[in-house]
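As a plain string of letters, each chain reads:
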Amino acid sequence: MSAPIFNTPDVQDFLRLASGLNQDGGNPRTKQIIHRILSDLFKAIEDLDITSDEYWAGVAYLNQLGARGEAGLLSPGLGLDRYFDMRMDADDAALGIANGTPRTIEGPLYVAGAPVVQGSGRLDDGSDTAGHTLIMHGTVYGANGQPLPGAQVEVWHANTKGFYSHFDPTGEQKPFNMRRTIMADAQGRYKFQSIVPMGYGCPPDGPTQALLNQLGRHGNRPAHIHFFVTADGHRKLTTQINIDGDPLVFDDFAYATREGLVPPLTERSDEASIRAHGLSGPFAEIVFDIQLSALVGGVDNQIVDRPRLAA
């Protein structure tokens, strides 16, 4: 065990120097954050007696993580995305705000610019022949409990191999397959036809799964469908539903499962239901109503500005 030096004047002065706190230029907020992160890291090195070998293995790991583009995958896997949701939940509780539909993590695979449809539309292009037809529909309600005509419902999900368009390593999916922006009708209703998605796992040879292996954890997600929902006078809702019956529905490595976000999946094979939706065979149905929350002092305090792919 090395001699403790963290609290010495020399180390504390060095932390201020390395963080730029003694410099006039730069960004004060960046300095504040870096000073805290460096201080915590220095303290962890001392408290845990982290060796130089272990430290440089960590540096190599960060290089691998960046090279594979998996930082956005590791973040939810280590619970960081969920922690930000927990903080927003706590802020809402302190303000007395009750959310009708729970928020949950966005994930790293959203793509801006999906085709816009009015009221209802089809997400998949029919190329995934293993897919089981899904009809999902519901009503978007405002904070006052009334339907929200014209609410914007952005939807995206994976195919039966667990791959998303624009991120599919097989190259099989066309742009914006299983991605749409649905504008709710005059009664606040949205509806789409697609296929029941499958869950996915972290790339088995990637750095995220390598770290999860060290933690004794799996890197798999249950089947799920993502949503961004927006409407005038309301806060943007970021959420997702898990597919009922998936064996991992309550064992998501990304910690996105929340009460109220596992709506029933009902199999329909009767002729009346099939005809009512203009289909030719059995299908699965999910009904999922969404309730938004009002702006806070005229401001959406839960908007998250993060890098996102646009196509």
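Caption draft 1: Summary view of the pairing of strand β6 (residues 179-183). Across the five residues that make up β6, a large majority, five, are buried. Residues Arg179, Thr181 and Met183 of β6 are buried on one face, and the alternating residues Arg180 and Ile182, pointing to the opposite face, are buried as well. Bridge count for strand β2 (residues 116-118) against β6 is three bridges, and the pairing is parallel. Looking at β6, one finds that Val117 is bridged to Ile182.

Caption draft 2: Layout of the pattern of salt bridges. Evaluated as defined, the whole model comprises 16 salt bridges. As a salt-bridge pair, Arg68 and Asp205 come within 3.0 Å of each other at their nearest N and O atoms. With Arg68 in the loop between α3 (52-67) and α4 (71-77) and Asp205 in the loop between β7 (189-195) and α6 (207-214), this residue pair connects regions lying 137 residues apart in the sequence. Among the residues examined, Arg68 registers a relative accessible area of 38% and is labelled partly exposed. Take Asp205: its relative accessible area is 58%, and that puts it in the exposed class. Here Glu106 makes a salt bridge to Arg306, at a shortest N to O gap of 3.7 Å. Note that Glu106 is positioned in the loop between α5 (80-95) and β1 (111-112) and Arg306 in the loop between β12 (290-291) and β13 (309-310), a separation of 200 residues in sequence.

Caption draft 3: Examining the side chain of Ser273 more closely. Following the sequence through the fold, Ser273 ends up in helix α7 (residues 271-276). Judged by relative accessible area, which is 17%, Ser273 ranks as buried. The contact partners of Ser273, leaving out residues within four places of it in the chain, are Arg268 and Phe283.

Caption draft 4: Summary view of the packing of α3 against α6. At their nearest, the axes of α3 and α6 sit 9 Å apart, and the two run at 135 degrees to each other. When the interaxial angle is binned, α3 and α6 end up oblique. Contact residues: Tyr61, Gln64 and Leu65 in α3; Pro207, Thr208 and Leu211 in α6. Residues belonging to the contact of α3 with α6 are distributed by class as follows: four nonpolar, two polar and no charged.

Caption draft 5: Spotlight on α6. Where α6 is concerned, the buried positions are Pro207, Thr208, Gln209 and Leu212. Contacts from the buried residues of α6 go to α3 and α4. A positive backbone phi angle near 70 degrees is found at Gly216, which sits one or two residues after α6.

Caption draft 6: Summary view of unusual backbone geometry. Even without being a glycine, Asp49 presents a positive backbone phi close to 50 degrees. In this structure, Asp49 sits in the loop between α2 (28-47) and α3. The backbone of Met178 sits at a positive phi, close to 60 degrees, despite the residue not being glycine. Here Met178 lies in the loop between β5 (152-157) and β6.

Caption draft 7: Here's a closer look at the nonpolar core. Counting residues in each nonpolar core, the largest one holds 28 residues, and the members touching the most others are Met136, Val140, Tyr190, Phe192, Ile225, Phe227 and Phe288. Among the secondary structure elements, those contributing two or more residues to this core are β4 (133-141), β5, β7, β8 (224-230), β9 (237-242) and β11 (283-287). With residues up to four places along the chain from it excluded, the contact list for Met136 reads Tyr190, Lys191, Phe192, Ile225, Phe227, Ile241, Ile286 and Phe288. In terms of nonpolar packing, the next biggest core, distinct from the first, is built from 14 residues, Leu73, Ile105, Tyr164 and Phe253 among them.

Caption draft 8: Layout of the packing of helix α1 (residues 9-18) against α2. Look at α1 against α2: their axes get within 9 Å of each other, and the N-to-C directions meet at 140 degrees. Judged by the inter-axis angle, α1 sits oblique to α2. Between α1 and α2 lies a crossing of right-handed hand. Facing Val11, Phe14, Leu15, Arg16 and Ala18 of α1, the residues of α2 in contact are His35, Leu38, Ser39 and Phe42. Taken together, the residues that form the contact of α1 with α2 break down as six nonpolar, two polar and one charged.

Caption draft 9: Representation of the pairing of β4 in the model. Two strands pair when backbone bridges link them, and β4 and β7 are joined in this way by seven bridges, in the antiparallel orientation. Of the residues in β7, the one forming a bridge with His137 is Lys191. Pairing analysis gives four bridges linking β4 to β11, with the strands arranged parallel. Across the sheet, Ile135 pairs through a bridge with Glu285, a residue of β11. Across two bridges, the pairing between β4 and β12 is parallel. Looking at the pairing, Tyr141 lines up with Gln291 of β12.

Basis of the calculations
Residues numbered from 1 in each chain as written. Predicted model: local features only at pLDDT ≥ 70, side-chain atom pairs only at ≥ 80, totals over all residues. Heavy atoms only, no water. Buried < 20%, exposed > 50% of the residue type's maximum accessible area, 1.4 Å probe, protein only. Helix = DSSP H or I, 4+ residues; strand = E, 2+ residues; numbered from the N terminus. Pairing = 2+ DSSP bridges. Salt bridge = Lys/Arg side-chain N within 4 Å of Asp/Glu carboxyl O. Contact = heavy atoms within 4.5 Å. Axes fitted to C-alpha atoms, helices over the stretch in contact; angles between N-to-C directions. Parallel < 35°, antiparallel > 145°, perpendicular 65-115°, else oblique. Nonpolar A, V, L, I, M, F, W, Y, C, P; charged D, E, K, R; others polar. Core = buried A, V, L, I, M, F, W, Y, C linked by side-chain atoms within 4.5 Å. Left-handed = near helix turned anticlockwise from the far one by under 90°.

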